[in-house]
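# An overview of the molecular structure
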Amino acid sequence: MTGTTVEGISTSRLAPPWRLAGGAVSILSLLVGVVLWEVVGRVWQVSFIPPVSEVLATLVELVESGEILGNLAASLVNLGVGFAISVVGGVVIGALMGVFPIVNSALDTYVYALLTAPSLVFAPIFFSIFGLGRGSIIALVVMYAMFIIIINTADGVRSVPQELVDMSRSFNATRLQTLVRVVLPAATPMIMAGLRLGVSRAVKGMINGEMFIAVVGLGRVVTQAGGRFDAAAVLAVLIVIIAVAWLASALVRLVDNRLTGWLPTVNRS
């Protein structure tokens, strides 16, 4: 059995069995939740909590009719473009705030204000600027995701040890070289943490934009199903939205693992 070795003792022998079987516990927990959902739906028999079997059957019908796949493609475009803009803008602005105190002093109040403000209240503003279309939805995705990325990037840049910066300068590195080759790589873990938080917020922005600004994508399906009081269809689309959020987060985690693979790891036996 593999595990971390501390003074010749394998910590895998000391670890509780539920930590060693975390994946199995997660699967078991999911199965228990599904069973409870089915039982509650069958026993309670209320319209707003249909059994999971009915929800899955509705999901299959929506997929077969093309209602899900076509709208899913539109939603993914909105999410991808909006999140890409958020990443570029968030990393650039955050790096500038972390490197230059005057930029941080100028923008810090605005960044925190926009982060804490309810992003959905900007929907009418984006609608008046960009009209009833994709631009408004993408702007709302950016509004949801970018500011948490800015804050994490700025904090990551400021947390880089001064010794690394001094060492780069001793090798006659320019400020730009120091930023690109030393500071940003050292701040990558914090930056990726911001991206992991930002991608989940981006999914929320995508759905809210599609529901309240332009009735398109998965938001259109939810809105139409809610108008029919079709709880099974609403929950079926919700499953798809959760799957999109999970896959987007998994993709960011994959990139995170690739970019932070240089970090020191605990020796394993």
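These figures come from a predicted structure and were not determined experimentally.

## With respect to the overall build of the chain
When you go through the chain residue by residue, the secondary structure sums to 11 helices and 2 strands. Its helices and strands taken in sequence order, the chain reads β-β-α-α-α-α-α-α-α-α-α-α-α from the N to the C terminus. The buried share of the chain, reckoned over its 269 residues, is 37%. A separation threshold of at least 6 residues defines the contact pool for the chain, and within that pool the share at least 24 residues apart is 71%.

## Quick word on the packing of helix α10 (residues 217–227) against helix α11 (residues 231–259)
Put simply, α10 and α11 touch, their axes get as near as 8 Å, and they point 160° apart. Taken together, the axis directions place α10 and α11 in an arrangement best described as roughly antiparallel. As α10 runs across α11, the sense of the crossing is left-handed. In this structure, α10 contributes Leu218, Val221, Val222, Ala225 and Gly226 to the contact, and α11 contributes Ala233, Val234, Val237, Val240 and Ile241.

## Some thoughts on the packing of aromatic side chains
One pass over the full model with this rule turns up 3 aromatic pairs. Judged by centre distance (6.4 Å) and plane angle (45°), the rings of Phe126 and Phe130 are tilted. Of the two residues, Phe126 and Phe130 both sit in helix α6 (residues 123–130), 4 residues apart, roughly one turn of that helix. Residue Phe126 is classed as buried on the basis of its relative accessible area of 12%. Note on Phe130: relative accessible area 48%, which makes it partly exposed. Feature note: the residues Phe122, Phe126 and Phe130 constitute an aromatic cluster, connected by ring pairs.

## Some points on the side chain of Asn152
Secondary-structure assignment places Asn152 in helix α7 (residues 134–158). If we ignore the near neighbours within four places in the chain, the residues touching Asn152 are Met190, Ala193, Gly194 and Leu197.

Reading guide: rules and limits
- Within every chain, residues take consecutive numbers counted from 1 along the sequence as written.
- Per-residue local features of the predicted model are confined to residues with pLDDT of at least 70, and side-chain atom pairs are confined, for both listing and counting, to 80 or more; whole-chain, interface and lining totals are unaffected and use all residues.
- No hydrogens and no water enter the side-chain calculation; it runs on all heavy atoms of the structure.
- The helix count covers DSSP runs of H or I at least four residues long, the strand count covers runs of E at least two residues long, and both are numbered beginning at the N terminus.
- Each residue is placed in one exposure class: buried if its accessible area under a 1.4 Å probe, protein chains only, is under 20% of its type's maximum, exposed if it is over 50%, and partly exposed if it falls in between.
- Note on contacts: a residue pair qualifies if any of its non-hydrogen atoms lie within 4.5 Å across the two residues.
- Axis definition: a line fitted to C-alpha atoms, over the contacting stretch in the case of helices. Angles run 0 to 180 degrees between N-to-C directions.
- The labels follow the angle: roughly parallel below 35 degrees, roughly antiparallel above 145, roughly perpendicular from 65 to 115, and oblique for the rest.
- By definition, any crossing whose near helix is turned counterclockwise from its far helix by less than a right angle is left-handed, and any crossing with a clockwise turn is right-handed.
- The aromatic pairing rule takes the rings of Phe, Tyr and Trp, using the six-membered ring of Trp, and pairs them if the centres are within 6.5 Å, calling planes under 30 degrees apart stacked, those over 60 edge-to-face and the rest tilted.

In short, geometric facts, not functional conclusions.
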